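Spelled out from the first residue to the last, the chains are:
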Amino acid sequence: MKTVVKPVDAQAIAEAAQIIRAGGLVGMPTETVYGLGADALNPQAVRSIFAAKDRPADNPLIVHVSSLEEIAPLVREIPEAATLLMEAFWPGPMTLILPKADCVSDAVSAGLDTVGIRMPASDAARALIRAAGTPIAAPSANRSGKPSPTTAQHVFEDMDGRIPMILDDGECEVGVESSVIDATGETPIILRPGGITPEMVKAVLGSCEVDEHVMSPLKEGELVRSPGMKHKHYSPEAKTVIYEGGAQQVIEAIAAHYDEAERMGEKPCILGFDEHDFGTRNKLSLGSEKEPREAAKRLFAALRELDERGETLALCEAVEPTGIGLAVMNRMGRAAGFDLRRV
Ligand code: AMP
Ligand code: MG
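The structure displayed is predicted, hence computed values, not measured ones. (Residues numbered from 1 in each chain as written. Chains lettered and ligands numbered in written order. Predicted model: local features only at pLDDT ≥ 70, side-chain atom pairs only at ≥ 80, totals over all residues. Heavy atoms only, no water.)

Caption draft 1: Broad picture of the site of ligand 1. Neighbouring residues of ligand 1: 18 residues in total, closest Asn59, Thr114, Arg192, Ser226 and Gly228. Contact distances for ligand 1 include 3.2 Å between an oxygen atom and a side-chain N or O atom of serine 140. When the free accessible area of ligand 1 is taken as 500 Å², the share hidden by the protein chains comes to 93%. Its residues assigned to classes, the shell around ligand 1 shows nine nonpolar, five polar and four charged. (Near = heavy atom within 4 Å. Polar contact = N/O pair within 3.5 Å; in protein donor to acceptor, adjacent residues only side chain to side chain. Areas by Shrake-Rupley, 256 points an atom, 1.4 Å probe, with all protein chains shown as cover. Nonpolar A, V, L, I, M, F, W, Y, C, P; charged D, E, K, R; others polar.)

Here's what the structure looks like:
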């Protein structure tokens, strides 16, 4: 199959919508990361997403809608807290887990009694959903085990020959996947941190829990609230280590580790902030330390770049785990197998 990449315009959206309606797959932009979209109400189409990604069948998909009216048929009820979150943060980078209605197939929910729903802020994504006339199920458009794609080029690298079309809307604004919030109980729980932060949820509801597995690895046989938590996430070929502490201590510890590794014949690379000077050492930028949103936007592209360059050791500066920084530390932590060193 030939994969074409088309810049977003009315014609390309119409073509992509036609592919979705016919049961095909489209690489689609959203403000979080690029998605691999199919008609959420067509189980056959949904199953082909899992095949294209090599995604484990027990990891459910998020259903994307373009308006609030599309939600009622997909769920059994909408708790009050969920309504408040929708009003506050949709369209935007937040997925709500709700009790699912029968029209949502097991192919989407991976057999669970719930469904994740999101209304993306990306105009292109909502235009595609509207044009297709059906909600779109879409996981991140990477092959399973690779970092999520934040450009159409990343999608092409992973999906060339596997899908007919990719819509190109440039670099993703947020850069990490949506916040996943379990809204089925009394107190909403953040299962995966993202662009809608615990602080933002707390400001709306007065309280917000964060699942303990956001910053810690799973123990053998432990039960999880979200299947995605138990799947091995992307870790670069390079051994990855995170340093946290005062800026000066972190810079010195990373520089020392780097020099020692180089003497041992390794190919080290630093993922660090613009303000921090590592001399002539090999470095990929996480942006300014004052702008954790930049780190979120750049992290996945930097992790892809590491592997392309054949680096064998990645030394990362930690971000403060508050606000969007929690999402950055969750993704960085998983890439590093939570090897976090305090200095
Ligand atoms: P992705 O689409 O690749 O960003 O992954 C979707 C994430 O949402 C995964 O971590 C899933 O485990 C999680 N998710 C989707 N649906 C549900 C659900 N019904 N219950 C709990 N977690 C879910
Ligand atoms: Mg994913």
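Further notes follow.
Caption draft 2: Fine view of the pattern of salt bridges. This model, assessed by the stated rule, comprises 21 salt bridges. Across the pair arginine 126 and aspartate 123 runs a salt bridge, and its minimum N-O distance is 3.2 Å. Of this pair, arginine 126 and aspartate 123 both sit in helix α5 (residues 123–132), three residues apart, which is roughly one turn of that helix. Its relative accessible area of 15% is what places arginine 126 among the buried residues. Its salt-bridge partner being aspartate 339, residue arginine 341 comes within 3.1 Å of it at the nearest N-O pair. Overall, arginine 341 belongs to the partly exposed group, its relative accessible area being 30%. (Salt bridge = Lys/Arg side-chain N within 4 Å of Asp/Glu carboxyl O. Helix = DSSP H or I, 4+ residues; strand = E, 2+ residues; numbered from the N terminus. Buried < 20%, exposed > 50% of the residue type's maximum accessible area, 1.4 Å probe, protein only.)

Caption draft 3: The arrangement of the packing of helix α6 (residues 152–159) against helix α9 (residues 292–309) in detail. At a minimum axis separation of 12 Å, α6 and α9 run at an interaxial angle of 50 degrees. Classified by the angle their axes make, α6 and α9 are oblique. In the packing of α6 onto α9, the handedness of the crossing is left-handed. From α6, His154, Glu157 and Asp158 reach across to α9, where they touch Ala301, Arg304 and Glu308. In terms of residue class, the contact of α6 with α9 is built from one nonpolar, one polar and four charged. (Axes fitted to C-alpha atoms, helices over the stretch in contact; angles between N-to-C directions. Parallel < 35°, antiparallel > 145°, perpendicular 65-115°, else oblique. Left-handed = near helix turned anticlockwise from the far one by under 90°. Contact = heavy atoms within 4.5 Å.)

Caption draft 4: Local environment of the sheet that holds strand β14 (residues 283–285). Overall, parallel pairing links the five strands, which are arranged β14-β13-β15-β12-β16 in an open sheet. Of all strands in the sheet, those bounded by a partner on one side alone are β14 and β16 (340–342). Mean inter-strand twist for the sheet, computed between neighbouring axes without regard to direction, equals 25 degrees. Bridge count for strand β13 (residues 268–272) against β14 is three bridges, and the pairing is parallel. Bridging across to β14, leucine 271 finds its partner in leucine 284. Against the sheet, helix α8 (residues 247–263) contacts β12 (239–244), β13, β15 (313–317) and β16, and its axis sits at roughly 175 degrees relative to β15. Along the sheet, α9 contacts β13, β14 and β15; its crossing angle with β13, the most-contacted strand, is approximately 170 degrees. (Pairing = 2+ DSSP bridges.)

Caption draft 5: The environment of glycine 279, seen in detail. Relative to the assigned elements, glycine 279 resides in the loop between β13 and β14. Distance in space between the C-alpha atoms of glycine 279 and glycine 333 is 26 Å, their sequence separation being 54 residues.

Caption draft 6: Highlighting the environment of aspartate 259. Structurally, aspartate 259 is set in helix α8. Counting along the chain gives 33 residues from aspartate 259 to serine 226, while the straight-line C-alpha distance between them is 40 Å.

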